[in-house]
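Given next are the chains, with one letter for each unit.
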Amino acid sequence: MKKICFFLFGMVCCILSAGAVDLKQCHVVVAESDVALVKKIANVFSDDVERVTGARPAVTADRKLKHKASVPLVVIATVDGMKQLGLTEAVGADDIRGCWERYRIVTKGNRLYIVGSDARGAAYGALHVSERIGVNPWYWFADVPVQRKAALDYEENYTSKEPTVKYRGIFINDEDWGLKTWAARNFEKELGDIGPKTYDKVCELLLRLKANMLAPAMHTCTGAFYSHPESQVKAAEWGIMITTSHCEPLLFNNAAPSEWSKEKDGEWNYLTNKETIWKKFDNRLRETAQYDNIYTMGMRGLHDEAMKGSTDPAVRARTLETVMADQRQLLETHKKKPAKDIPQIFVPYKETLDIYDAGLRVPDDITLVWPDDNYGYMKRVSNSEERLRSGGSGVYYHLSYLGTPHDNLWISTMAPVLMYEELKKAHDAGADRYWLLNVGDIKPMELDMQLFFSMAWDLPTFTYENVNRYQAQWLASVYGKEYEQDFQWVLDQYHRLAWQRRPEFMGYEFEWDSKENNRLHDTDFSFDNGTAQQRLADYKAISDRVDEIQKRLPADLRPAFFEMLGYSVKGAYQMNRKFLMAQRNHETGSEEYAREATVAFDSIQTLTNEYNTQLDGKWNQMISQIPPGYTAKYHMMPELVNAPTDAYKLPESQWRTEFANKVALNKTKAKAPFRLIEGIGTDWLSLQLGEPLDNVQDPGSLSSQHIDLALDSVSGDSITLCISTVPFWPVNHDRSNRFGVSVDGQQPVVCENKFEEWGWTWKLQVLENRKDYVITLPLSNSRQHHTLSLIIGDPGQIIQKITYK
């Protein structure tokens with residue numbers, strides 16, 4: 001009997017089997033005629049076995065399987081490869097023929113067969129086995145060590161489903177202060193840029209995460225992806241398709257000086273410079289037609305600017321229709337197939353959404369890729385008509401962002417439940433074609449990337465009840481089951497505190513704003529009411545717990561733990577400590593608080609130095625500094641004083657409203673369509689009013705579905721409520737954000753969150769993850785016990801906190 005252990009949804013599982021294949025003694029076989037990716041993965045799998053056992057299996061390419069029955073074999077092939085080897089019936093390969101990226105694993109005797117419906121399917125199957133024997137997808141990019149084993153016996157019989165989302169990938173963006181500095185000054189010094197050596201590692205990581213596409217780095221500081229032709233070759237070798245951002249039409253990066261020069265090429269204006277732009281598109285397609293790509297259609301301005309010419313959205317729509325028609329003609333010419341058979345996307349990002357709403361006619365087979373607002377809130381999902389489009393829809397989602405009202409480039413603090421809720425909403429509205437995640441520099445975004453790709457691969461395995469526990473379970477599978485509860489507690493507090501205010505936003509400055517708003521301010525956490533002290537205590541507690549865990553871990557696990565969790569948690573604590581101690585110095589003039597703030601500032605640099613110097617400087621320059629962006633000031637040291645001053649005080653209009661009494665949501669008995677959700681909101685427990693895509697109801701009528709909550713300790717003729725909600729966008733243009741409020745069954749008041757992107761209301765909402773409604777309602781004198789009713793209007797609204805007086 002042999003013991004086999006494997007990873008499953010954040011847990012290490014073990015089974016006993018008498019018919020396992022001895023991987024340490026095996027040979028790896030591929031079909032001679034199979035595609036290049038399968039042959040590459042056979043060697044990658046052999047390398048993985050060597051990482052675990054120290055012994056590297058031989059890899060052979062056969063026309064027919066001719067090894068002796070006594071030799072343990074691992075056969076890796078596509079359906080057609082299995083046919084060449086004469087194994088179609090033996091493994092039931094035809095059962096998955098014609099499917100997208102499926103794989104089947106069959107164990108018979110001393111042979112392990114891994115068959116893919118296509119090349120990536122075969123690769124995912126082989127790497128699935130690699131992960132189960134102990135080679136973590138993050139073994140290189142986050143230094144998760146491979147545990148060596150003297151013996152390695154494996155048995156599995158499993159057939160995967162098609163992935164939930166067809167195209168799944170990352171966008172490397174705003175790389176100026178991380179991936180670019182690391183590649184140019186450390187990993188690819190000979191090139192001085194992000195190039196093929198870096199992309200080789202990136203694409204390996206993506207394939208191991210079951211991703212299949214990459215939008216390369218494209219800022220001006222980085223050489224254009226195609227200026228280093230070997231980068232495309234590396235991506236193709238790993239089976240990774242190239243896609244591009246919303247502002248790179250037909251794989252063309254106009255932000256790169258090597259691609260577009262205003263002095264040489266003129267204005268980036270299709271109406272006045274069509275011939276030059278058309279030639280650029282034509283040349284790019286000629287260079288890349290041999291590869292599998294996903295093409296961004298339409299065009300914006302240079303880099304992230306709006307398109308040139310008329311500012312009238314209707315006129316711009318007609319221009320974009322011309323652009324797309326010409327682009328599709330070029331695609332058909334170079335790809336030698338109808339445009340409807342070529343993967344294309346249109347991303348209504350920023351001003352382009354206004355153009356779309358002005359009547360832009362996007363060809364039906366182009367995938368609409370809906371963006372979030374750069375802070376995790378989907379701006380729109382497909383309506384009933386858009387769900388009928390043959391091109392379907394997708395999502396462009398941000399973990400990292402450079403822009404107004406404030407950059408979010410340093411560490412990842414995305415609440416897992418918010419990401420799940422928004423992506424599930426989009427998927428329920430048909431977004432199963434394309435998911436692109438803006439990951440900044442990749443590091444330190446590992447945990448959120450892991451969650452994102454797990455959801456993109458198999459969304460139905462996630463629920464509101466389990467998604468918030470995934471990351472702790474996954475960490476426990478790497479660092480030890482005994483730490484799972486610690487990880488859960490740390491992550492809950494870390495995300496909850498960031499939900500209230502992200503570390504990057506603790507300077508309370510607004511970027512690209514007035515001089516007054518763009519300077520550093522004190523916070524709205526108060527030392528008078530204790531919220532500042534509590535925040536510091538909570539951060540210190542999780543920082544201390546992370547320190548304790550890191551000291552208890554074996555030495556070989558500590559670097560990975562610091563990269564994935566330790567740096568972010570401890571850095572977030574010191575950032576908060578810096579600003580809150582500086583605030584207390586401003587309030588008191590005390591030198592003691594000035595010293596505390598200075599120590600915190602220095603501690604951030606110490607943590608950064610630790611990150612850069614561990615593992616002999618492997619990641620030196622990845623976090624070369626706290627990313628300053630172009631106008632941010634949060635990375636700076638606040639001014640300190642020797643006498644009390646109000647000079648840095650935040651305007652009262654930006655202070656949050658809360659009252660002494662609180663409605664206890666945890667005592668609510670919510671039944672469908674209402675749901676209590678753990679892992680989102682100010683107090684980390686919130687109430688959802690219906691499913692986001694349900695039919696709209698009348699929020700002004702108690703005949704609509706509603707839930708009743710008890711109001712304790714209430715007296716007098718009226719009650720003033722502060723109802724805090726999660727600041728969602730309407731699910732599409734014909735809906736709003738409304739819910740009704742009634743006390744004691746009286747006439748409801750309708751609360752509606754109306755805002756415009758880039759407006760002051762929206763800026764406050766995304767920085768604080770909240771929209772507050774303060775309303776005063778009469779109490780019924782005939783009642784001894786009072787009741788608050790929340791009425792569904794536009795379904796899916798989430799109530800995160802209710803206080804009253």
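Note that the coordinates shown come from a computational prediction; the quantities given were computed from them, not determined experimentally.

## A word on the overall build of the protein
So, step 1. Scanning the protein from N- to C-terminus turns up 19 helices and 28 strands.
So, step 2. What you see for the protein is a C-alpha radius of gyration of 28 Å, in line with the 28 Å of a compact globule of 805 residues.
So, step 3. Put simply, the protein has 805 residues, and 64% of those count as buried.
So, step 4. Put simply, the protein shows about 29,500 Å² of open surface, and 48% of that area lies on carbon and sulfur atoms.
So, step 5. In the protein, the 94 positive side-chain charges and the 109 negative ones have mean positions that sit 4 Å from each other.

## Some thoughts on the packing of aromatic side chains
So, step 1. Following the criterion strictly, the structure yields 40 aromatic pairs and no others.
So, step 2. In textbook terms, an aromatic cluster arises when at least three aromatic residues are bridged by ring pairs, as seen for Trp140, Phe141, Trp182, Phe187 and Trp619.
So, step 3. The aromatic ring of Trp457 is capped on one face by Lys210, whose charged end is 5.6 Å from the ring centroid.
So, step 4. Residue placement shows Lys771 over the ring face of Tyr773; its charged tip is 5.4 Å from the ring centre.

## Remarks on the environment of Val74
So, step 1. As for its placement among the helices and strands, Val74 is situated in strand β6 (residues 73-78).
So, step 2. Judged by its relative accessible area of 0%, Val74 falls in the buried class.
So, step 3. Each C-alpha atom of the pair Val74 and Gly54 lies 17 Å from the other, and the pair is 20 residues apart in sequence.
So, step 4. What Val74 contacts, discounting residues up to four positions off in sequence, is Leu23, Cys26, His27, Val28, Val29, Phe45, Leu112 and Ile114.

## Looking at helix α19 (residues 760-768)
So, step 1. Along α19, 7 of the 9 residues are buried, which leaves the element largely enclosed by surrounding structure.
So, step 2. Of all the positions in α19, only Trp762, Lys763, Leu764, Gln765, Val766, Leu767 and Glu768 are classed as buried.
So, step 3. Looking at the buried positions of α19, the neighbouring elements they touch are α15 (484-500) and β26 (771-778).
So, step 4. At the exit of α19 stands Asn769, carrying a positive phi of roughly 55°.

## Things to note about helix α18 (residues 591-617)
So, step 1. For α18, with 27 residues, the first-to-last C-alpha span of 36 Å sits near the 39 Å given by 1.5 Å per residue.
So, step 2. Helix geometry: α18 is bent most strongly at Glu610, by close to 25°.
So, step 3. Turning to α18, its buried residues number three or more, namely Ala594, Ala597, Ala600, Ser603, Ile604, Leu607, Thr608, Tyr611, Asn612, Gln614 and Gly617.
So, step 4. Residues of α18 that are buried make contact with α5 (179-187) and α17 (558-588).
So, step 5. Near the N-terminus of α18, the side chain that reaches the backbone nitrogen of Glu592, with its oxygen 3.1 Å away, is that of Ser590.

## Concerning the nonpolar core
So, step 1. With 209 residues, the main nonpolar core has Leu23, Trp138 and Met449 as its most contacted residues.
So, step 2. With 14 residues, the single largest contributor to this core is α17.

## Things to note about the side chain of Glu757
So, step 1. Its location among the elements puts Glu757 in the loop between β25 (749-752) and α19.
So, step 2. By relative accessible area, Glu757 is classed as buried at 17%.
So, step 3. The contacts of Glu757, once residues within four sequence positions are left out, are Asp373, Lys379, Trp729 and Trp762.

## Observations regarding the sheet that holds strand β22 (residues 706-711)
So, step 1. Reading across from one edge, β22-β27-β24-β25 is the order of the 4 strands in this open sheet, with antiparallel pairing throughout. Sheet topology places β22 and β25 at the edges, where each strand pairs with a single neighbour. Strand-to-strand twist across the sheet, computed as the mean angle between neighbouring axes with direction ignored, equals 25°.
So, step 2. Direction of pairing for strand β24 (residues 738-743) relative to β25: antiparallel, over a ladder of 4 bridges. Its bridge partner lying in β25, Gly740 is registered against Val750.

## Points about the confidence of the model for the protein
So, step 1. A residue-level look at the protein finds 98% of positions with pLDDT of 70 or above and a mean pLDDT of 95.
So, step 2. Confidence drops under pLDDT 50 across residues 7-17; counting only partners more than four residues distant or on other chains, this segment forms 37 contacts.

## Points about the pairing of strand β17 (residues 393-398)
Two faces, one strand: in a regular strand the side chains alternate between the faces of the sheet.
So, step 1. Most of β17 sits inside the fold, with 6 of its 6 residues counted as buried.
So, step 2. Residues Ser393, Val395 and Tyr397 point to one face of β17 and Gly394, Tyr396 and His398 to the other, with burial holding for every one of them.
So, step 3. As paired elements, strand β16 (residues 367-371) and β17 share 4 bridges and run parallel to each other. Bridge pairing links Leu368 to Ser393 in β17.
So, step 4. Here β17 runs beside strand β18 (residues 434-440); their pairing, made up of 5 bridges, is parallel. Along β18, the bridge assignment pairs Tyr397 with Leu437.

## Let's talk about the sheet that holds strand β5 (residues 59-62)
So, step 1. A sheet is described by the order of its strands in space; here 6 strands give the open sequence β5-β4-β6-β8-β7-β10, paired in mixed fashion. The strands lining the two open edges of the sheet, one partner per strand, are β5 and β10 (158-159).
So, step 2. Where strand β4 (residues 27-31) lies against β5, 4 bridges are found, and the strand directions are parallel. Paired with Ala31 across the bridge in β5 is Asp62.

## Thoughts on unusual backbone geometry
So, step 1. Along the chain, Thr404 connects to Pro405 via a cis peptide bond; the corresponding omega equals 5°.
So, step 2. Note that Pro405 resides in the loop between β17 and α12 (416-428).
So, step 3. In this structure, Pro444 follows Lys443 across a cis peptide bond, with omega equal to 0°.
So, step 4. Assignment of secondary structure puts Pro444 in the loop between β18 and α13 (446-457).
So, step 5. For Leu251, which is not glycine, the phi dihedral falls at a positive 70°.

## Some remarks on the side chain of Arg675
So, step 1. In this fold, Arg675 is placed in strand β20 (residues 674-678).
So, step 2. A polar contact of 2.6 Å, which involves the side chain of Arg675, links it to the side chain of Gln688.
So, step 3. At 2.7 Å, the side chain of Arg675 and the side chain of Glu691 are in polar contact.
So, step 4. Once you skip the residues sitting within four places of it in the chain, Arg675 turns out to touch Tyr464, Glu465, Ala670, Ser686, Leu687, Gln688 and Glu691.

## Thoughts on the pattern of salt bridges
So, step 1. Per the counting criterion, the structure on display carries 56 salt bridges.
So, step 2. Residues Arg63 and Glu32 are paired through a salt bridge, measuring 2.7 Å at the closest nitrogen-oxygen approach. Here Arg63 is found in the loop between β5 and β6, whereas its partner Glu32 is found in the loop between β4 and α1 (36-53), with 31 residues between them in sequence.
So, step 3. For Arg63, a relative accessible area of 57% gives the class exposed.
So, step 4. Residue class for Glu32 comes out partly exposed when judged on its relative accessible area of 36%.
So, step 5. One salt bridge in this structure joins Arg286 and Asp282, with 2.7 Å as the shortest N-O distance.

## Looking at the packing of α15 against helix α16 (residues 531-552)
So, step 1. Where α15 meets α16, the closest approach of the two axes is 10 Å, and the angle between their N-to-C directions is 145°. As α15 packs across α16, the resulting crossing turns out to be left-handed. Where α15 abuts α16, its residues Asp486, Phe487, Trp489, Val490, Gln493, Tyr494, Arg496, Leu497, Ala498 and Gln500 lie against Arg535, Asp538, Tyr539, Ala541, Ile542, Arg545, Val546 and Ile549.
So, step 2. Its residues assigned to classes, the contact of α15 with α16 shows 11 nonpolar, 2 polar and 5 charged.

## So, the environment of Glu386
So, step 1. In this fold, Glu386 is placed in the loop between β16 and β17.
So, step 2. Taking C-alpha positions, Glu386 is 9.1 Å from Ala429, a pair spaced 43 residues apart along the chain.
So, step 3. Leave out the neighbours within four places in its chain, and Glu386 touches Tyr356, Leu368, Trp370 and Val381.

Procedures and definitions
- Residues numbered from 1 in each chain as written.
- Predicted model: local features only at pLDDT ≥ 70, side-chain atom pairs only at ≥ 80, totals over all residues.
- Heavy atoms only, no water.
- Helix = DSSP H or I, 4+ residues; strand = E, 2+ residues; numbered from the N terminus.
- Rg over C-alpha atoms; globule rule 2.2 N^0.38 Å.
- Buried < 20%, exposed > 50% of the residue type's maximum accessible area, 1.4 Å probe, protein only.
- Areas by Shrake-Rupley, 256 points an atom, 1.4 Å probe, with all protein chains shown as cover.
- Lys, Arg positive; Asp, Glu negative; His and termini not counted.
- Charge placed at Lys NZ, Arg CZ, Asp CG, Glu CD.
- Phe/Tyr/Trp six-rings, centres within 6.5 Å; stacked < 30°, edge-to-face > 60°.
- Lys NZ or Arg CZ within 6 Å of the ring centre and 35° of its normal.
- Contact = heavy atoms within 4.5 Å.
- Expected span 1.5 Å × (residues − 1).
- Bend = angle between axes of the 7 residues up to and from the residue.
- Polar contact = N/O pair within 3.5 Å; in protein donor to acceptor, adjacent residues only side chain to side chain.
- Core = buried A, V, L, I, M, F, W, Y, C linked by side-chain atoms within 4.5 Å.
- Pairing = 2+ DSSP bridges.
- Axes fitted to C-alpha atoms, helices over the stretch in contact; angles between N-to-C directions.
- pLDDT = per-residue confidence, 0-100.
- Salt bridge = Lys/Arg side-chain N within 4 Å of Asp/Glu carboxyl O.
- Left-handed = near helix turned anticlockwise from the far one by under 90°.
- Nonpolar A, V, L, I, M, F, W, Y, C, P; charged D, E, K, R; others polar.

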